[in-house]
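Chain and residue survey
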Amino acid sequence: LSQSQVKFRLGLARQRTRTYPLDSMDFIMMDLERPDGPHRHAYQCTGDLTGRLLEFLAHAEGVDGQCDDRLPVLFERILRQRRPSGLFGRMVTDPPTDGDISRACARLFPGFVYYYELTNDARALDAAVGLADLTVRSEAVWRKRLEACGGREIPFWITEPMALLYGVTGKAAYLDFVA
């Protein structure tokens, strides 16, 4: 794509992520904060919308000369939802159950890696490492889930951020997990 095409497409995407209902950070954060009472479709998908927006904004930041003031606000609100296990969101139990473990593959994980690459904020790297280390420690749970689904399910999303994080840290355990 030419630079003008990239700018145009990013502009459209930014506009769409700023229109109702995405104009409200409270709406965006429902999948992690899980406020009592209000909810939205797929609010139980822990870290999906928040992670996708973090990932997009981190990728798009500055590419077209534009910066989005929501990016640092979104990052800080996500970090406030971190649990002792390394997972994120109000739905997560500590210690995490086998079912909670799969929440590590939420779109938050690659979003943290991209945010770290953009800002060098050590907290983003720490969050990604926390998710990766939990994943490695829970390898038996993951292997069982991955074998059961035959390679056609959401749990395979975990391979992308593990490989990305290996590229940042060089920690062999992350690449070994992907293999």
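Residues numbered from 1 in each chain as written. Predicted model: local features only at pLDDT ≥ 70, side-chain atom pairs only at ≥ 80, totals over all residues. Heavy atoms only, no water.

**Comments concerning the packing of aromatic side chains**
With the rule as written, the count across this model stands at four aromatic pairs. A centroid spacing of 4.0 Å and a plane angle of 20 degrees characterise the contact between Phe75 and Tyr115, whose relative ring orientation is stacked. Of the two residues, Phe75 sits in helix H5 (residues 70–79) while Tyr115 sits in helix H7 (residues 108–119), which places them 40 residues apart along the sequence. In terms of burial, Phe75 and Tyr115 fall into one category: buried. For the pair Trp142 and Phe177, a centre-to-centre distance of 6.3 Å together with 90 degrees between the ring planes defines the contact as edge-to-face. Within this pair, whereas Trp142 is found in helix H9 (residues 139–149), its partner Phe177 is found in helix H11 (residues 172–178), the two being separated by 35 residues in sequence. For Phe177, a relative accessible area of 3% puts it in the buried group. A network of ring pairs unites the aromatic residues Phe75, Phe88, Phe112 and Tyr115 as a single cluster. Over the ring of Trp157 we find Arg107; its NZ or CZ atom is 5.5 Å from the centre of that ring. Above the plane of the ring of Phe177 lies Arg143, whose end atom (NZ or CZ) is 5.2 Å from the centre. (Phe/Tyr/Trp six-rings, centres within 6.5 Å; stacked < 30°, edge-to-face > 60°. Helix = DSSP H or I, 4+ residues; strand = E, 2+ residues; numbered from the N terminus. Buried < 20%, exposed > 50% of the residue type's maximum accessible area, 1.4 Å probe, protein only. Lys NZ or Arg CZ within 6 Å of the ring centre and 35° of its normal.)

**So, H5**
H5 sits mainly inside the fold: seven of its 10 residues count as buried. Taken together, the buried residues of H5 touch helix H1 (3–16), helix H2 (25–28), helix H3 (30–33), helix H4 (48–60), H7 and helix H8 (122–137). (Contact = heavy atoms within 4.5 Å.)

**Regarding the side chain of Glu61**
Looking at the element boundaries, Glu61 is found in the loop between H4 and H5. Of the buried charged residues, Glu61 lacks a salt bridge, with Arg14 as the closest side chain of opposite charge at 5.0 Å. Ignoring sequence-local partners within four residues, the contact set of Glu61 consists of Arg14, Gln66, Cys67, Asp68, Leu71 and Leu118. (Lys, Arg positive; Asp, Glu negative; His and termini not counted. Salt bridge = Lys/Arg side-chain N within 4 Å of Asp/Glu carboxyl O.)

**Observations concerning H8**
Compared with the 22 Å implied by 1.5 Å per residue over 16 residues, the 22 Å span of H8 between its first and last C-alpha is a close match. Residues of H8 that are buried include every one of Ala124, Ala127, Ala128, Gly130, Leu131, Ala132, Leu134 and Thr135, and no others. At its buried positions, H8 is contacted by H5, helix H6 (98–101), H7, H9, helix H10 (159–169) and H11. (Expected span 1.5 Å × (residues − 1).)

**Examining the environment of Ile28**
Looking at the secondary structure, you find Ile28 in helix H2. Owing to a relative accessible area of 0%, Ile28 belongs among the buried residues under this scheme. Once the C-alpha coordinates of Ile28 and Thr50 are considered, the two residues, 22 residues apart in sequence, prove to be 6.0 Å apart.

**Considerations on the side chain of Thr17**
Tracing the chain through its elements places Thr17 in the loop between H1 and H2. Of the polar contacts made by the side chain of Thr17, one reaches the backbone oxygen of Arg14; its length is 3.0 Å. In this view, Thr17 contacts Leu22, Leu53, Phe56 and Arg70; residues no more than four positions away in its chain are not counted. (Polar contact = N/O pair within 3.5 Å; in protein donor to acceptor, adjacent residues only side chain to side chain.)

**A word on the environment of Ser2**
Looking at the secondary structure, you find Ser2 in the segment before H1. By relative accessible area, Ser2 is classed as partly exposed at 33%. For the pair formed by Ser2 and Ala173, sequence separation is 171 residues and the distance between their alpha carbons is 39 Å. Among the polar contacts listed, one links the side chain of Ser2 to the side chain of Ser4, at a separation of 3.1 Å.

**A few points about the pattern of salt bridges**
Working definition: two side chains of opposite charge can pair if their charged atoms are close together. Scanning the model with the defined rule gives 13 salt bridges in all. Between Lys171 and Asp133 there is a salt bridge; the shortest N-O distance is 3.1 Å. Residue Lys171 is found in the loop between H10 and H11, and its partner Asp133 is found in helix H8; the two are separated by 38 residues along the sequence. Note on Lys171: relative accessible area 36%, which makes it partly exposed. The exposure class assigned to Asp133 is partly exposed, which follows from its relative accessible area of 22%. By sharing partners, the salt bridges in this structure join Arg18, Asp68, Asp69 and Arg70 into a single network.

Everything listed is a geometric property; what it means functionally is a separate question.
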